[in-house]
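Chain by chain, the residues run as shown.
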Amino acid sequence: MKNIKSKFKSFLLLNTLFIILLASCQDKKNEEDGHEEEKSENKVALTAIQFKTVGIQTGSIENRNLNLVIKANGYTTVPPQNMANISTLIGGTVKDILVLEGTYVKKGKVLATLQNLDVVEMQEDYNSAIANIEYLQLEYNRQKTLSDENVNPRKILQEVKAKLDVEKARAKAAKNKLQALNMNTNGSSLVPLISPISGYVGKISIAKGAYAETGITLFEVVDNSQMHLDLNVYEKDLGSIAIGQTIDFVLTNQGNKAIKGTIFGVNKSFSNESKSVAVHAKINPADSKDLISGMYVSANINIKNATVPALPKDAVVKNGDKYFVYIQEEHKEKAIAKKSKTHEHKEGESHSEEASGEEEGHDEIHFKAIEVIPGTTDLGYTEVKFVEPIPANAKIVVKGAFYLLAASKGGGEHEH
């Protein structure tokens, strides 16, 4: 009975040890799989044939004199004095529209005419006041002569003068109203809408025969000759911004056409909750003729030239939200494999040459992805800062890095 119990305990003990060993092996396998997955993401290998076919080229970090920039986005715009929203001071029916959208007009050009009979009354008030002024002026002169000769009391002279002043004020008020409507004192009942600036007609918001109300924009006229940029610069970059700095910007909807500008003003208050400040830059008039207000732009504000570590821009690739370069790793496996092949076929020289040719085609060249923080890009080079130090003599891939990235993701893998 004791032997049976002893054997049963031994069986349980062995079974428990087996389960523990199995679990340990599984954990080790999972850990190795995890390391293998991490390794596959950061490393890639090419055969010598692939290396030559792709045209991989290596180089080293260089110190380059690059133009440091601050990137900013914004819009094209015109100063308020170069944009006119034209409305009417008096309502009326649209009689004629004399321009089309997109046409160029000079300052003082009549854009449309409105008909309102109230302006006839203003003209009558003015003409009536002028007639009364002529009569009262003669009467005032006569009464002044009689008053000087003590024929009439001075009170009569004062009454005539008071009436004369009232008529003069009435004539002046009627004339000011007519001038505000761009009308003369003798004319028709048509009120002209006149452009206060030279520029291009934008949106027309009236139609012939419709009633135009006061306070409503009827025409837009824009002078693009003074086009400038409003760029949004964040608080952390404000200390580097100064008046007179040059900018290079592109119109994203115009085939990335590059245009230059110069900063002429920086706001002293934040534009919105994003803590950005508007920076104003003027554009060369020759470059602004084809621009319209409201175009979205991406700009580089040129801060200064500095000598920084840099690589050709094609050496830096983006994977997710991080940036990497590839360095060539030195492996002893190639020499060992080649030595083994030569020893195996040492019986004949031609056999050895065959092995050498075969080795040349199948030996692997290994590369490792190294994370970097890119800076400014100028003259085809990008400033780079390495997250971790690399060997001073590291061979950095300067051409073909994108292919290595694709290969690491499975897009360029080779078969053995």
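Nothing here was measured: the structure is a model prediction, and the numbers come from that model. (Residues numbered from 1 in each chain as written. Predicted model: local features only at pLDDT ≥ 70, side-chain atom pairs only at ≥ 80, totals over all residues. Heavy atoms only, no water.)

## Section: the pattern of salt bridges
Phase 1 of the analysis: Here the structure, examined in full by the defined rule, presents eight salt bridges.
Phase 2 of the analysis: Residue E62 pairs with R64 through a salt bridge whose shortest N-O separation is 3.3 Å.
Phase 3 of the analysis: Accessibility expressed as a relative area gives 29% for E62, which makes it partly exposed.
Phase 4 of the analysis: With a relative accessible area of 31%, R64 lands in the partly exposed category. (Salt bridge = Lys/Arg side-chain N within 4 Å of Asp/Glu carboxyl O. Buried < 20%, exposed > 50% of the residue type's maximum accessible area, 1.4 Å probe, protein only.)

## Thoughts on the sheet that holds strand β8 (residues 190–194)
Phase 1 of the analysis: The strand order across the open sheet built from four strands is β8-β7-β5-β10, with neighbouring strands paired in antiparallel fashion. Because the sheet does not close on itself, it has two edges, and the strands there are β8 and β10 (211–212).
Phase 2 of the analysis: In terms of strand pairing, strand β7 (residues 110–115) meets β8 through five bridges, oriented antiparallel. If you follow T113 over to β8, its bridge partner there is P192. (Pairing = 2+ DSSP bridges. Helix = DSSP H or I, 4+ residues; strand = E, 2+ residues; numbered from the N terminus.)

## Observations regarding helix α4 (residues 154–180)
Phase 1 of the analysis: Spanning 27 residues, α4 covers 39 Å between terminal C-alpha atoms, matching the ideal 39 Å at 1.5 Å per step.
Phase 2 of the analysis: Of the positions making up α4, those classed as buried are L157, V160, L164, E167, A171, A174 and L178.
Phase 3 of the analysis: Residues of α4 that are buried sit in contact with α3 (118–148).
Phase 4 of the analysis: Of the residues flanking the end of α4, it is N182, one or two places downstream, whose phi is positive at about 60°. (Expected span 1.5 Å × (residues − 1). Contact = heavy atoms within 4.5 Å.)

## Comments concerning the nonpolar core
Phase 1 of the analysis: Among the nonpolar cores identified, the biggest contains 24 residues, and V99, L111, L181, V191, I206 and F219 are the most heavily contacted of them.
Phase 2 of the analysis: Of all the secondary structure elements, the ones that give two or more residues to this core are β4 (83–86), β7, α3, β8, β9 (199–204) and β11 (219–222).
Phase 3 of the analysis: Among the elements that make up this core, the one with the highest residue count is β7 (three residues).
Phase 4 of the analysis: Counting 22 residues, the second largest nonpolar core, distinct from the first, contains V78, V222, F249 and L291. (Core = buried A, V, L, I, M, F, W, Y, C linked by side-chain atoms within 4.5 Å.)

## With respect to the packing of aromatic side chains
Phase 1 of the analysis: The tally for this structure, following the rule as stated, stands at three aromatic pairs.
Phase 2 of the analysis: Where Y75 meets Y296, the ring centres are 5.6 Å apart and the plane angle is 70°; that geometry is what we call edge-to-face. Residue Y75 is found in strand β3 (residues 62–77), and its partner Y296 is found in strand β16 (residues 296–312); the two are separated by 221 residues along the sequence.
Phase 3 of the analysis: Take Y75: its relative accessible area is 44%, and that puts it in the partly exposed class.
Phase 4 of the analysis: Judged by centre distance (5.2 Å) and plane angle (70°), the rings of Y104 and Y200 are edge-to-face. (Phe/Tyr/Trp six-rings, centres within 6.5 Å; stacked < 30°, edge-to-face > 60°.)

## Things to note about the side chain of D223
Phase 1 of the analysis: Secondary-structure assignment places D223 in the loop between β11 and β12 (228–234).
Phase 2 of the analysis: It turns out D223 is buried and unbridged, and the closest side chain with the opposite charge, K107, is 11 Å from it.
Phase 3 of the analysis: Within polar-contact distance, the side chain of D223 engages the side chain of S225 at 2.8 Å.
Phase 4 of the analysis: If we ignore the near neighbours within four places in the chain, the residues touching D223 are V78, N82, I197, S198 and G199. (Lys, Arg positive; Asp, Glu negative; His and termini not counted. Polar contact = N/O pair within 3.5 Å; in protein donor to acceptor, adjacent residues only side chain to side chain.)

## With respect to helix α8 (residues 401–408)
Phase 1 of the analysis: Every buried residue of α8 is listed here: A401, L404, L405, A407 and S408. Taken end-on, α8 shows its buried residues confined to a sector of 160°, consistent with a single buried face.
Phase 2 of the analysis: A positive phi of about 100° marks G410, the residue just after α8. (Arc of directions from axis to C-beta.)

## What about the pairing of strand β21 (residues 395–399)?
In regular strands, side chains alternate between the two faces of the sheet.
Phase 1 of the analysis: Judged from the three bridges that link them, strand β2 (residues 57–59) and β21 form a sheet pairing that is antiparallel. Bridge pairing in β21 places G59 opposite I396.
Phase 2 of the analysis: Sheet topology note: the strand β18 (residues 322–329)/β21 ladder contains two bridges and is antiparallel. Residue pairing in the sheet places Q328 in a bridge with K395 of β21.

Just geometry here; none of it tells us what the structure is for.
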